[in-house]
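A look at the structure
Chain by chain, the residues run as shown.
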Amino acid sequence: VAPAMTAAQCAQALAHGQAVVQGLPGNVLLLGEMGIGNTSAASLLLARLAGLPIEDCTGSGTGLDAAAVLRKTAVLREVLALHAQATSPLDALATLGGFEIATLVGAVLQAAQERRVILVDGFITSAAVLVASRLQPHVLQRCVFAHRSGERGHQLMLAQMQAEPLLDLGLRLGEGSGAALAWPLLPSACA
């Protein structure tokens, strides 16, 4: 019924993500997330930023049945209509996203600026990278996509970024699990 956050709150979350990365050692950032309902936020961001139908972007999340997915899709369609004016990447993020996604966007922007490798996990972290890439397209040069999620919209999101993930295991967990599984491939490839 209202934007997820104000523009000032969104800017604060972006700055927080940037500050977290600035305080981390190393040259790699493995992304992960934890949240409730954030497949909805990721679906909304994909639909808005890619101009795709919400029904193509919406999946079962943590295990909704078919009737619940239809209800979820109907609610998300209403949200998109209510916030039709939020079309720029930052407006869409503040209106449709979540604090965890906004923080991840800040982390991605900072890591790319520092020329770190960014190992992207699943659907939610890919939504953050999608927003970041719409703000600064060069961030995609720094990203390695760990896996193709079982979440319905993830394939569409990967296509938007012309990304080919390393693994396709049907994972749906998030929390960085796919990034952790894919990580050994990177040092092995370098070796």
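For every chain, the first residue of the written sequence is number 1, and numbering continues from 1 along that sequence. This being a predicted model, a pLDDT of at least 70 is required before a residue's local features are given, and a value of 80 or more before pairs of side-chain atoms are given or counted; all residues contribute to the totals for chains, interfaces and linings. Each side-chain value is derived from all of the structure's non-hydrogen atoms; neither hydrogens nor water enter the calculation.

**Quick word on the overall build of the protein chain**
Comment: elements are numbered from the N terminus, with helices defined as DSSP H or I runs of at least four residues and strands as E runs of at least two. Along the protein chain, the regular secondary structure elements total ten helices and three strands. Of the regular secondary structure in the protein chain, the N- to C-terminal order runs α-β-α-α-α-α-α-β-α-β-α-α-α. Rg of the C-alpha trace for the protein chain: 16 Å, near the compact-globule value of 16 Å for 191 residues, within the 12% margin. Dimensions of the protein chain, computed from C-alpha atoms along their principal axes, come out at roughly 50 × 35 × 25 Å. With a 1.4 Å probe rolled over the protein chains alone, any residue whose accessible area is under 20% of its type maximum counts as buried; one over 50% counts as exposed, and the rest are partly exposed. Evaluated residue by residue, the protein chain yields a buried proportion of 49% over its 191 residues. Only heavy atoms matter for contacts: two residues are in contact if any of them lie within 4.5 Å across the pair. Nonlocal contacts in the protein chain, meaning residues at least 24 apart in sequence, comprise 71% of its contacts between residues at least 6 apart. To measure how exposed things are, a 1.4 Å probe is used in the Shrake-Rupley method; for residues, cover is taken only from the protein chains shown. Accessible area of the protein chain: about 9000 Å², with a carbon and sulfur share of 59%. Radius of gyration: over C-alpha atoms. The globule rule applied is 2.2 Å multiplied by the number of residues raised to the 0.38 power.

**Focus on the sheet that holds strand E1 (residues 28-30)**
Taken in spatial order, the three strands make up an open sheet running E1-E2-E3, and their pairing is parallel. Taken across any chain shown, the strands that pair with only one partner, and hence form the sheet edges, are E1 and strand E3 (143-145). Neighbour-to-neighbour, the strand axes of this sheet turn through a mean angle of 20°, independent of strand direction. By definition, two strands form a pair when at least two bridges between them are found by DSSP. Note that E1 and strand E2 (residues 117-120) share three bridges and pair parallel. Each residue of the ladder has a partner; that of Leu-30, found in E2, is Leu-119. Each axis is a line fitted through C-alpha atoms, taken for helices only over the stretch in contact, and angles between the N-to-C directions span 0 to 180 degrees.

**Re the nonpolar core**
The set of buried Ala, Val, Leu, Ile, Met, Phe, Trp, Tyr and Cys residues whose side-chain atoms join them within 4.5 Å is what this entry labels a nonpolar core. With 49 residues, the main nonpolar core has Leu-31, Leu-93, Ile-101, Val-105, Ile-118, Val-129 and Phe-145 as its most contacted residues. Residues Leu-119, Leu-167, Ala-179 and Leu-186 belong to the second largest nonpolar core, which totals six residues.

**A short note on the packing of helix H6 (residues 99-113) against helix H7 (residues 123-135)**
Two packed helices can be described by the angle between their axes and the distance between those axes. Closest axis-to-axis distance for the H6/H7 pair is 8 Å, and the angle between their directions is 55°. If you check the angle between H6 and H7, you find them oblique. The element H6 and its partner H7 pack so that their crossing is right-handed. For the pair H6 and H7, the contacting residues are Ile-101, Leu-104, Val-105, Val-108 and Leu-109 in the first and Ile-124, Thr-125, Ala-128, Val-129, Val-131, Ala-132 and Leu-135 in the second. Broken down by class, the residue content of the contact of H6 with H7 amounts to eleven nonpolar, one polar and no charged. Any angle that falls under 35 degrees is termed roughly parallel, while one over 145 is termed roughly antiparallel, one within 65 to 115 roughly perpendicular, and all others oblique. Rotating anticlockwise by less than a right angle from the far helix to the near helix defines a left-handed crossing, while the corresponding clockwise rotation defines a right-handed one. Each residue gets one of three labels, nonpolar for Ala, Val, Leu, Ile, Met, Phe, Trp, Tyr, Cys and Pro, charged for Asp, Glu, Lys and Arg, and polar for the others, Gly among them.

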